[in-house]
Amino acid sequence: MFLFFLPQSADMSAASNLRSEDQFLCSICLDVFTDPVSTPCGHNFCKTCISQHWDMNQSCQCPMCKETFSTRPQLRVNTFISEMVAHSSEQQAAKPGEVPCDVCTGTRLKALKSCLVCQTSYCQTHLEPHLTVKRLKRHQLIDAVENLEGRMCTKHDKLLELFCKTDQTCVCMLCSVLDHKNHEFVPLREEYEGKKAELEKTEAEIQQMIQKRRLKIQEITESVKMSKDAADRQKAEGVQVFTALMESVERRLKELMKEIEDKQETTEKQAEGLIKDLEQEISELMERSSEVEQLSRSEDHLHLLQSFSSLKAAPPTKDWTEVRFHPPSYEGTVGRAVDQLQETIRKLMKKKLLEAELQRVQQYEVDVTLDPDTANSWLILSDDGKQVYCGDVRKNLPDNPERFSRYAMVLGEQSFSSGRFYFEVQVKGKTEWTLGVATESINRKGKVTLCPRNGFWTVWLRNGNEYKARAESPVDLCLHPGPEKVGVFVDFEEGLVSFYDVGAAALIYSFTGCSFTHKLHPYFSPSLNDGGKNSAPLIICPVNQTESINN
C-alpha cells in the first residue's frame, strides 16, 4: 500500500491540518468561526457570539481568560482568520454518501481521487505525492469511488482493464491470455464510450417517451377540462330547458283547469237561468191555481158567474216540451290540451336547441377587422376597422390588385385555412346588405356574380324585405321580422357555412358540403347609399352570448 511510501512531511502536514481545524472553532458556539473578531486580550470569537455574551452580562469579560474590560471594546472582523477559515473549509470532512480519505486518521476528509494501482482514495493533502513523486505520477487516478476492490480481478488480483465482448464481462490482462484466449477484447474506455453512447441514446429515447406521455397527460387533462366545460354547459342548458318545460306544463295545466272551470261555470249559469224561468212560471201558475180553486168552492151561483169573467187570464208560459238541457262534454279536453302542450314543447325545444347551437358556435368567435386595401373606393371605413357604409363621393384610391373595383365590397383582414371561426355583424336600420365569406382567389375586378362556384358563400337583403341565400340557384328566405344582427359560422374541414339571426337565436341558412381550396376571408357589402335610405353602417360586433337568451 502507498501508506508505506508516504513522506514524513506529508504525514506531518496532515496532522498539522487536523490540528489547525480546532483553531478555527469558536469557543462559545463550538462551530467554525462566522465573522471572527479578536478581543484586546488576543482571543477570537464569532462576532455575534461575543456580542450576545456581553449583552447578557453586566461586565465585558473575555470568556477564555476572564480579563475584564472597563469599556466595551470596538470589535472588527479579523480578516486573516476569516481567510484561513475559508481556506480550511475547502477541505471538508466526508459527509454521508461521500467517499472518505483512506489515509486520514481521526476526522476523515473527503477524498478527491482514487488510485487504481494503490487501491486507495486520497484527500487533497494525501493526494500530493501522486502529483509530485515521479514514480507515483504513473499511477492511474480516477474521481473518488468506493469499493476499489471490485475493480480488481478476483482470480488474478490484477486491475480490470479490458472488456471481453465475447463473454460480455470485464477482465484483467492475464484473463485475456488464459481464461478468455481467442476472445474479442477492447479497452474498458472504448467499451465504456460505446455503452455510454447507448445509454445516452436510451436516455434520449426515454426522455422522448416521457415527453410524449406528458403531452398525452396534457391532452387528456385538456380533454377532461373540455368535457367538464361541455358537461357544465349541458347541465346549465338542461336546467334551463327543463325549467322552461315545467313552467310550460304548469302554465298549460292552469289553462286546462281554467278552461274546464269556465265551461262548468257557464253550464251552471245556463242551468240556473232555466231553473229560474221554470220557478217563475210555477209561482205564477200556483197563484192562478189558488184563485181557481177558491172560486170553484163558491156555492153562490151569481158570485161565481160574476167573478169568472174577472178571473185573471192565464199567464203566458213557454212550451217546455222541446226544451233540452245539454251539459257540456269534457271528453277529449285533456287529450287536446296534451296535444297543444306537445306542440308548445316542440317549439320550445326547437328554440332551446337553436339557442344551444348558437352558443356553441359563438365559442369560436374571432376578432375581425376590415381590410382597407380591399375596400371599393365608394366605401367609408371607421378608424378601428369595425364599421363600413357607402358614401356619396368616390374616393381617389390606388387600384391595387386586392381592391374591388366595381362593387361596394370589402374583405376582412383575417384569413382562415383550417378550423372553425365565427363573427357577428349588426345590420339594423339597413334596407340592403350582403354578408358571408369569400376565398382569397375571387375576382375583384369587373363583374362579380355571388355564388359558391365563384368563391362566395353569402346571404343578402334587397328592397328592405327580400332575403336570399346566394347558392348556385338563389334560395328565397322567409324572415319576418328580419334580423338586426347576423352571425356567420364556418367549419373549414366540415365544409359548412351557417348564418344565424342572433336576436331570435334562429338558423337563417346553411351551405353544406362546401369544398374550400383557398384561404377564406369574411366578406361584407353595405350596398349603395340609396339616397340616405341605406346609410346605416354594417358593424362588426363583439359576441354577447346572453343576448339571444334574453331575447
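Conventions and cut-offs
Residues numbered from 1 in each chain as written. Predicted model: local features only at pLDDT ≥ 70, side-chain atom pairs only at ≥ 80, totals over all residues. Heavy atoms only, no water. Axes fitted to C-alpha atoms, helices over the stretch in contact; angles between N-to-C directions. Helix = DSSP H or I, 4+ residues; strand = E, 2+ residues; numbered from the N terminus. Parallel < 35°, antiparallel > 145°, perpendicular 65-115°, else oblique. Left-handed = near helix turned anticlockwise from the far one by under 90°. Nonpolar A, V, L, I, M, F, W, Y, C, P; charged D, E, K, R; others polar. Pairing = 2+ DSSP bridges. Contact = heavy atoms within 4.5 Å. Buried < 20%, exposed > 50% of the residue type's maximum accessible area, 1.4 Å probe, protein only. Phe/Tyr/Trp six-rings, centres within 6.5 Å; stacked < 30°, edge-to-face > 60°. Lys NZ or Arg CZ within 6 Å of the ring centre and 35° of its normal. Patch = residues over 30% accessible without salt bridge, like charges linked within 9 Å, V, L, I, M, F, W, Y side chains within 5 Å. Areas by Shrake-Rupley, 256 points an atom, 1.4 Å probe, with all protein chains shown as cover. Salt bridge = Lys/Arg side-chain N within 4 Å of Asp/Glu carboxyl O. Lys, Arg positive; Asp, Glu negative; His and termini not counted. Charge placed at Lys NZ, Arg CZ, Asp CG, Glu CD.

Help me understand the packing of helix 6 (residues 188–296) against helix 8 (residues 333–362), please; the structure alone is not making it clear to me.
Helix packing geometry: the angle between the two helix axes and the distance between the axes. Running from amino to carboxyl end, helix 6 crosses helix 8 at an angle of 155°, the nearest separation of the two axes being 10 Å. One way to sum up the angle between helix 6 and helix 8 is to call them roughly antiparallel. You can see that helix 6 and helix 8 cross each other, and the crossing is right-handed. For the contact of helix 6 with helix 8, a count of residues per class yields 14 nonpolar, 5 polar and 6 charged.

Got a minute to help me understand the sheet that holds strand 6 (residues 120–122) in this structure?
Two orientations exist for strands paired in a sheet by backbone hydrogen bonds: parallel and antiparallel. An order of 6-5-7 is seen for the 3 strands of this open sheet, with the pairing classed as antiparallel. What marks the edges here is a single partner per strand, and that holds for strand 6 and strand 7 (141–143). The average undirected angle you get between the axes of adjacent strands in this sheet is 35°. Bridging between strand 5 (residues 113–115) and strand 7 involves 3 bridges; their strand directions are antiparallel. Paired with C115 across the strands is L141, a residue of strand 7. Across the sheet, helix 4 (residues 124–132) touches strand 5, strand 6 and strand 7, and the angle it forms with strand 6 is around 110°.

Honestly, the pairing of strand 20 (residues 496–501) in this entry has me stumped. Any pointers?
Side-chain direction in a regular strand flips from residue to residue, so the side chains alternate between the two faces of the sheet. Across the 6 residues that make up strand 20, a large majority, 6, are buried. Counting the residues between successive antiparallel strands, the hairpin from strand 19 (residues 485–491) to strand 20 contains 4 residues, one of them, G495, with a positive phi of roughly 70°. Pairing of strand 20 with strand 21 (residues 506–511) involves 5 bridges; the strand directions are antiparallel. The residue bridging Y500 from the neighbouring strand is L507, located in strand 21.

Can you walk me through unusual backbone geometry in this structure?
Peptide bonds are, in most cases, trans, and in most cases residues other than glycine have a negative phi. Residue H480 is joined to P481 through a cis peptide bond whose omega torsion reads -5°. Among the structural elements, P481 can be located in the loop between strand 18 (475–477) and strand 19. One non-glycine residue, N182, lies in positive phi territory at about 70°. As for its placement among the helices and strands, N182 is situated in the loop between helix 5 (173–177) and strand 10 (185–187). With a relative accessible area of 74%, N182 lands in the exposed category. For D530, which is not glycine, the phi torsion reads 55° and is therefore positive. Assignment of secondary structure puts D530 in the loop between strand 22 (520–525) and strand 23 (538–541).

Please explain helix 2 (residues 47–55) as it appears in this structure.
Buried residues of helix 2: C49, I50, S51 and W54, and no others. Of the surrounding secondary structure, the elements contacted by the buried residues of helix 2 are strand 1 (36–38), strand 2 (44–46), strand 3 (60–61) and strand 4 (68–69).

Even after reading the chapter, I still don't get the packing of aromatic side chains, so can you show me in this structure?
Geometrically, a pair of aromatic rings is defined through the distance of the ring centres and the angle of the planes. One pass over the full model with this rule turns up 10 aromatic pairs. Aromatic pair W457 and F516: ring centres 5.0 Å apart, planes at 80°, arrangement edge-to-face. Taken together, the residues span a long stretch of sequence, with W457 in strand 16 (residues 456–462) and F516 in the loop between strand 21 and strand 22 at a distance of 59 residues. Like F516, W457 is buried. Judged by centre distance (5.2 Å) and plane angle (45°), the rings of F492 and F516 are tilted. Of this pair, F492 sits in the loop between strand 19 and strand 20 while F516 sits in the loop between strand 21 and strand 22, and the two are 24 residues apart along the sequence. Residue F492 shares its accessibility class with F516, and that shared class is buried. Aromatic ring contacts, followed pair by pair, group W457, F492 and F516 into a single cluster. Looking at R444, its charged tip hangs above the ring of F404, at a distance of 5.9 Å from the centre. The ring of W460 is capped by R470, whose NZ or CZ atom sits 4.2 Å from the centre of that ring.

Help me understand a positive patch on the surface, please; the structure alone is not making it clear to me.
A contiguous patch of positive charge, built from K134, R135, K137 and R138, is present on the exposed surface. Within the fold, R135 resides in the loop between helix 4 and strand 7.

Explanation requested: a nonpolar patch on the surface in the structure shown.
Residues L174, V177 and L178 make up a contiguous nonpolar surface patch of roughly 260 Å² in combined accessible area. Mapped onto the elements of the fold, L174 is located in helix 5.

Looking at this structure, I do not really get the pattern of salt bridges. What am I missing?
Oppositely charged side chains can pair when the atoms bearing their charge come close. In the structure shown here, the tally under the stated rule is 23 salt bridges. Where E355 meets K351, a salt bridge forms, and the shortest distance between an N and an O atom there is 2.5 Å. In this pair, E355 and K351 both sit in helix 8, 4 residues apart, roughly one turn of the helix. Overall, the relative accessible area of 2% leaves E355 in the buried class. Each of K165, E191 and K195 takes part in a single network of salt bridges with overlapping partners.

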